[in-house]
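Given next are the chains, with one letter for each unit.
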Amino acid sequence: MSADQEQRAIRCLIAKVGLDGHDRGAHVIARAFRDAGFEVIYSGLHRSPDEIVQAAVQEDVDVLGISILSGAHMTLVPKIVDGLESYGAFEDTLLLVGGIIPDDDTAELKEMGVAEVFGPGTPMEETIRFVRDNAPERR
């Protein structure tokens, strides 16, 4: 592997799924990730699970961060997981969820393969450290 490949920035897609129109948190995360040296793509608002999966696969991201505040996380996140699995991309993608997620749902999301759930007030350094420590190694 060349030095360039070893130094490749972690590629992240920050995505807003469904009808949730509150994107301030997603913008804050995207900026913090960029400042940390990550390569960041922002999906824009009102994306379907399929659109997010397509973007994640086409952009070959290491990390997919779903920002959701609508309460539809238990309907929409499983569709994203299924979509990533159908493309064989689930194992190579660190899936994160951010938003207001009840504890019971957090446990269920983690059981279906979400690596971590970050709630309001999570220190940015904690999120960045989690990504650095857990982003999949690329070939």
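Residues numbered from 1 in each chain as written. Predicted model: local features only at pLDDT ≥ 70, side-chain atom pairs only at ≥ 80, totals over all residues. Heavy atoms only, no water.

(A) Structural context of helix 3 (residues 49–58). Of all the positions in helix 3, only Pro49, Ile52, Val53 and Ala56 are classed as buried. Viewed along the axis of helix 3, the buried residues span an arc of 100°, placing them on a single side of the element. Tucked inside the fold, the buried residues of helix 3 contact strand 1 (11–16), strand 3 (63–68) and helix 4 (73–86). Directly after helix 3, the chain includes Asp60, whose backbone phi takes a positive value near 50°. (Buried < 20%, exposed > 50% of the residue type's maximum accessible area, 1.4 Å probe, protein only. Helix = DSSP H or I, 4+ residues; strand = E, 2+ residues; numbered from the N terminus. Arc of directions from axis to C-beta. Contact = heavy atoms within 4.5 Å.)

(B) Layout of the nonpolar core. Formed by 23 residues in total, the largest nonpolar core has its most connected members in Ile52, Leu64, Ile66, Ile80, Leu84 and Val97. Listed by contribution, the elements that provide at least two residues to this core are strand 1, helix 3, strand 3, helix 4 and strand 4 (94–99). With residues near it in sequence (within four places) discarded, Leu84 still touches Val53, Ala56, Leu64, Ala89 and Phe90. If you look at the next biggest cluster of nonpolar residues, it comprises 17 residues, including Ile14, Val40, Leu96 and Ile128. (Core = buried A, V, L, I, M, F, W, Y, C linked by side-chain atoms within 4.5 Å.)

(C) View of the side chain of Ser43. Assignment of secondary structure puts Ser43 in the loop between strand 2 (39–42) and helix 3. A polar contact of 3.0 Å, which involves the side chain of Ser43, links it to the backbone nitrogen of Lys16. (Polar contact = N/O pair within 3.5 Å; in protein donor to acceptor, adjacent residues only side chain to side chain.)

(D) Just the UniProt feature "domain: B12-binding" (unreviewed entry) in the protein, in detail. Residues given the UniProt feature "domain: B12-binding" (unreviewed entry) here are residues 9–138. Span residues 9–138 is 43% helix and 19% strand, its end C-alpha atoms 10 Å apart. (UniProt positions renumbered as here; feature names shortened; annotations may be inferred.)

(E) Summary view of the pattern of salt bridges. Counted by the stated rule, this structure contains five salt bridges. Lys16 serves as the salt-bridge partner of Asp20, at 2.8 Å between the closest nitrogen and oxygen. We note that Asp20, like Lys16, is buried. Linking Lys110 and Glu116 is a salt bridge whose minimum nitrogen-to-oxygen distance equals 2.9 Å. Glu116 sits in the buried class, given a relative accessible area of 18%. (Salt bridge = Lys/Arg side-chain N within 4 Å of Asp/Glu carboxyl O.)

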